[in-house]
Amino acid sequence: MILLGDKLKNLIDFAEKLIASEISEEDYINKHEFAQKKENPWHEVKVIAKNKERWSKFISKFRHPGNRRKVLAELTGLTYNELGKIMEWGNSTCGDLIRTSNLKPSTRRIGSEILAQFGIMTRATYQLLTHKKVDLEWDDTHFKLIEQNAIDKEQFLQICNTNVTFERHIKGYVLKVLEKKLYLRVERRRDGFIIIDLANADLELFRILSDALRETSGKWSFLYYPTIYRNKDYFLIFVRNANEDEMNELLREEFSWAEKWYNLPDSSKP
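Note that the structure is a prediction, hence the values are computed from the model and not measured.

**Here's the deal with the overall build of the protein**
Item 1. The helix and strand inventory of the protein stands at 13 helices and six strands.
Item 2. Relative to its 270 residues, the protein shows a buried fraction of 51%.
Item 3. Taking contacts inside the protein between residues at least 6 apart in sequence as the whole, the part at least 24 apart equals 63%.
Item 4. As displayed, the protein offers around 13,700 Å² of accessible surface, 46% of which is attributable to carbon and sulfur atoms.

**Focus: the pairing of strand 4 (residues 220-226)**
Item 1. Where burial is concerned, most of strand 4 is hidden: five out of the seven residues are buried.
Item 2. As paired strands, strand 4 and strand 5 (residues 234-240) are joined by seven bridges and run antiparallel to one another. Within strand 5, the residue paired with Pro226 across the bridge is Tyr234.

**Describing the packing of helix 5 (residues 65-76) against helix 8 (residues 112-122)**
Item 1. The geometry of helix 5 relative to helix 8 is characterised by a closest axis approach of 9 Å and an angle of 45° between their N-to-C directions. As judged from the angle between their axes, helix 5 and helix 8 are oblique. With respect to the hand of their crossing, helix 5 and helix 8 are arranged in left-handed fashion. Contacts between helix 5 and helix 8 involve Arg69, Leu72, Ala73 and Thr76 from the first element and Leu115, Phe118, Met121 and Thr122 from the second.
Item 2. In the contact of helix 5 with helix 8, the residues fall into five nonpolar, two polar and one charged.

**What about the pattern of salt bridges?**
Item 1. Here the structure, examined in full by the defined rule, presents 17 salt bridges.
Item 2. With its nearest N and O atoms 3.0 Å apart, the salt bridge here joins Glu187 to Arg185.
Item 3. Of the residues examined, Arg185 reaches a relative accessible area of 2% and is grouped as buried.
Item 4. Residue Arg189 is joined to Glu187 by a salt bridge in which the shortest nitrogen-to-oxygen separation is 2.9 Å. Summarising the burial analysis for this pair, Arg189 and Glu187 share the class buried.
Item 5. One connected set of salt bridges, linked through shared partners, spans Arg168, Arg185, Glu187, Arg189 and Glu254.

**Points about the side chain of Thr122**
Item 1. Looking at where Thr122 falls in the secondary structure, it is placed in helix 8.
Item 2. Here Thr122 falls in the buried class, since its relative accessible area comes to 7%.
Item 3. At 2.9 Å, the side chain of Thr122 and the backbone oxygen of Phe118 are in polar contact.
Item 4. Other than its neighbours up to four places away in sequence, Thr122 contacts Leu72, Ala73 and Thr76.

**Notes on the packing of aromatic side chains**
Item 1. In this structure the tally under the stated criterion is 18 aromatic pairs.
Item 2. Seen from their ring centres, Phe206 and Phe238 are 5.9 Å apart, and the 35° between their planes marks the pair as tilted. Of this pair, Phe206 sits in helix 12 (residues 203-213) while Phe238 sits in strand 5, and the two are 32 residues apart along the sequence.
Item 3. The interplanar angle of 5° and the centroid separation of 5.4 Å between the aromatic rings of Tyr225 and Trp257 together place this pair among those described as stacked. In this pair, Tyr225 is assigned in strand 4 and Trp257 in the loop between helix 13 (244-253) and strand 6 (262-263), connecting sequence segments 32 residues apart. The burial state of Tyr225 is the same as that of Trp257; both residues are buried.
Item 4. Directly above the ring of Phe14 sits Lys17, whose terminal nitrogen or CZ lies 5.2 Å from the centroid.
Item 5. Over the face of the ring belonging to Trp42 we find Lys70, whose NZ or CZ atom lies 5.5 Å from the ring centre.

**So, the pairing of strand 1 (residues 168-177)**
Item 1. Extensive coverage of strand 1 is indicated by the burial of eight of its 10 residues.
Item 2. Where strand 1 lies against strand 2 (residues 180-189), 10 bridges are found, and the strand directions are antiparallel. In the sheet register, Lys176 faces strand 2, and the bridge partner there is Lys181.
Item 3. Connecting strand 1 to the next strand, strand 2, in antiparallel fashion are two residues, including Leu178 with a positive phi near 55°.

Definitions and limits used
Residues numbered from 1 in each chain as written. Predicted model: local features only at pLDDT ≥ 70, side-chain atom pairs only at ≥ 80, totals over all residues. Heavy atoms only, no water. Helix = DSSP H or I, 4+ residues; strand = E, 2+ residues; numbered from the N terminus. Buried < 20%, exposed > 50% of the residue type's maximum accessible area, 1.4 Å probe, protein only. Contact = heavy atoms within 4.5 Å. Areas by Shrake-Rupley, 256 points an atom, 1.4 Å probe, with all protein chains shown as cover. Pairing = 2+ DSSP bridges. Axes fitted to C-alpha atoms, helices over the stretch in contact; angles between N-to-C directions. Parallel < 35°, antiparallel > 145°, perpendicular 65-115°, else oblique. Left-handed = near helix turned anticlockwise from the far one by under 90°. Nonpolar A, V, L, I, M, F, W, Y, C, P; charged D, E, K, R; others polar. Salt bridge = Lys/Arg side-chain N within 4 Å of Asp/Glu carboxyl O. Polar contact = N/O pair within 3.5 Å; in protein donor to acceptor, adjacent residues only side chain to side chain. Phe/Tyr/Trp six-rings, centres within 6.5 Å; stacked < 30°, edge-to-face > 60°. Lys NZ or Arg CZ within 6 Å of the ring centre and 35° of its normal.

What follows is the structure, given as structure tokens:
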């Protein structure tokens, strides 16, 4: 890890103090060099997020939406540059989206579709991105905001079968199949990985998505990923083109709240 061990430990300690209400949100933010307008990764965020209960307490401590969005971006590993490349946003938009240099409100209104796509990227609710006080309840606001641009099965398969030329691409989609709506987070990576969340998972939608994925190339696996939301137990997450070592690394580094991967069955039954 680039960050020296002592510095990382120091930042983890400050995060723990924030969780315990021993320091303020402003004190915690000011411990980061980002507060002096430098973009350095907040490595402690991913450490805190290894434990679901600790993460839910941590994210709930933030009252400034820009700070909370910054923390969510850090968890996903999204920098200003990556946000700009993925969504074709300008620097000012990215800056207002994850404003952490001070605790003042943004001077401009961020569009609802930008917030929707960012929320899908970070697996967060609209409330987490916009409210001072948050209640950890899941809702489908993000996907309803992008529903006017829904895709069909043919478009979805084309997305799955098209390589990306940059490091990663993340976008939310509403897929309409058999008069059903599937709420998807699709992450494609230059190394060939595809990671797909089914946010509104149930047995029927699992079968519909599984049948569609079998029409793509490569081997798919899936897992049940627990959430921090009281009214939602899990997302279904699918991955393609990962060997056993790579899947174990994903489980360890990105999906540590889950227990294991399952092979996508050949039949239409999960």
